[in-house]
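Take a look at the letters that make up each chain.
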Amino acid sequence: MESSQMKVQLQRLPANVVHCSARRWLCRSVSDSLQGISEVEVRCEEFRRKLLDRKWTLVKPDAQIHRILLSTKQDQNVDGLFHRRSWSNNSTSSLVDEMIENDSGAPSFYIVRDDLIHPLMNGNKARKLDALLPFLEDHSVTDVVTCGGCQSAHTAAVAVSCSERGIRSHLLLRGEQPDVPTGYNLISTMYGNVVCVPRSVYASREEMLIRHAGLVADSGGSAVSLTDMLETSTRIEGRDGRKVAIINEGAGDSLALLGMIRLLCYLSEDYLLGKERAVKLVVDAGTGTTAVGLGLGAICLGLSWDVTAVMLADTIDQYRHKEQKLIYDFKRHFGFNLEHFSNRMDGGVVRWVERCQPRKFGKVIKGEIEVCQQIAQQTGVLVDPIYTLAAWELATSLGEEEGRDGAKVVMLHTGGTLGMFGLAQRYKSHFRTLVG
């Protein structure tokens, strides 16, 4: 197995084991003299030390990185979207050697294979829970309440992660339960306690979560939101052992940002993307939490990385509002004064862009399933038409322009494999064209 392959923690480890990866980054630079190092660099190191020396769910932050080569050769089998493009995957050679080679101008982009982190969890969902689950354990939480759509990758990840740690999960899913559970819905049902909620009730998410958490806690326990736990620094009290924590939809909490920052620390190692190289990092945006974590981390770690997120579920004003709230919560919960980075944060930490073919969230456009099939057959990488195809589209477009400004294009593959099963159930006619 490659050294860069992610390994997932399935049982509790001693703190000295889960701390080792973070300390590895710190020891290298802390042991050096600070003479000649700029104030910004010192603050970046302080930022690392305060945030990364903690317990994590993932034993290592590693992920495989592949190079996707682009071609404009005509493909007679696919019409419409990408009909003049094809791809190939170079997943075997050294990343540093590839980047030196690629300076010659061959069009390409790099893909961080977070879709390979866990067989049942999306990569970005696992990253969001990386610091969150140990925090819940430290507070002796026995039950978690959260919510999502019928095919929510978030609720599936929470259910799996909680069951691995002996925590009960209670999942409120929007809409009706399918006649035959499949995809993330099936995983949520198998690992957690699912309750289907009418859309009218789900529209008031916060009230819904608080009410259900109270029912789970019952008279002998107590329920607290993750935000309240961070702000009060108190443990949940429960006489009968029912200590219930509420996690926002999509894990849209400041704690979820830490896993993305830890990923950036890994990717910016000298033997990978490095700290000096200009990078255009592309990601799809559902709630936007993943993108904000990446953007905030890039700035505070002193990286010349531009984070671009393809908007899928909300308007740009809604994403910017969520971005500002997460940054505000981050500063408040972790005690960071980000004034020294304000010149880079004035316009926000993320560049929010429309999808090349905007549509109502969840809609699949004719021909996109065939494009996903083409990409899978040519590269061995599976993308889905709702989320990761949107990032792939942008990475391909930027990759064709690579070299004009010297920046490397990198796509974070957030996952979505099991989501294809739910889509096949919902859009039967789109998938019938794949055979025959």
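Scope of this entry: the structure provided in the associated data block. What you are looking at is a predicted structure, and each value in this text was computed from that prediction instead of being measured.

Some thoughts on the pairing of strand E4 (residues 143–148)
For E4, a buried count of six out of six residues is recorded, marking the element as mostly surrounded by other parts of the structure. Every second residue of E4 is oriented toward a common face, with Asp-143, Val-145 and Cys-147 on one face and Val-144, Thr-146 and Gly-148 on the other, all of them buried. Across six bridges, E4 lies against strand E5 (residues 168–174) in parallel orientation. Bridging from a neighbouring strand, Thr-146 pairs with Leu-171 of E5. Considered for its hand, the β-α-β crossover made up of E4, helix H6 (residues 153–164) and E5 is right-handed. Relative to strand E8 (residues 243–246), E4 is paired through three bridges, and the arrangement is parallel. For Val-145, the partnering residue across the bridge sits in E8 and is Ile-246.

Digging into the sheet that holds strand E1 (residues 65–71)
Spatially, seven strands are ordered E2-E1-E3-E12-E9-E10-E11 in an open sheet, and the strand pairing comes out mixed. Since the sheet does not close on itself, it has two edges, and those belong to strand E2 (86–90) and strand E11 (351–354), each with one partner. Geometrically, the sheet is characterised by an average inter-axis angle of 30 degrees between neighbouring strands, direction not taken into account. In terms of strand pairing, E1 meets E2 through five bridges, oriented antiparallel. Bridging from a neighbouring strand, Arg-67 pairs with Asn-90 of E2. Here helix H13 (residues 316–334) sits on the sheet and contacts strand E9 (279–285), strand E10 (305–311) and E11; the angle it forms with E11, its principal contact strand, is near 160 degrees.

Some remarks on the environment of Arg-205
Locating Arg-205 in the fold gives a position in helix H9 (residues 205–217). Relative accessible area serves as the criterion here: at 31%, Arg-205 is assigned to the partly exposed category. Spatially, the C-alpha atoms of Arg-205 and Leu-172 are 9.6 Å apart, while their sequence positions differ by 33 residues. Within the structure, Arg-205 has its side chain in polar contact with the side chain of Glu-249 (distance 2.8 Å).

What counts and how
Counting from 1, residues in each chain are numbered in the order their sequence is written. The model is predicted, so local features are restricted to residues of pLDDT at least 70 and side-chain atom pairs to those at 80 or more, both for listing and for counting; the totals for chains, interfaces and linings are taken over all residues. To obtain the side-chain values, all non-hydrogen atoms of the structure were included, while hydrogens and water were left out. Only protein chains enter the accessibility calculation, which uses a 1.4 Å probe. A residue is then buried if its area is under 20% of the maximum for its type, exposed if over 50%, and partly exposed in between. Each helix is a run of H or I in the DSSP string that is no shorter than four residues. Each strand is a run of E no shorter than two, and both are numbered from the N terminus. Whether two strands pair depends on DSSP finding at least two bridges between them. With strands facing away from the observer, any crossover in which the path from the first strand over the helix to the second runs clockwise is taken as right-handed. Lines fitted to C-alpha atoms define the axes, with helix axes restricted to the stretch in contact, and inter-axis angles between N-to-C directions lie between 0 and 180 degrees. Note on contacts: a residue pair is in contact if any heavy atoms of the two residues lie within 4.5 Å. Side-chain atoms alone can form a polar contact between residues adjacent in sequence; in general such a contact is a pair of N or O atoms within 3.5 Å, and within protein one must be able to donate a hydrogen while the other accepts it.

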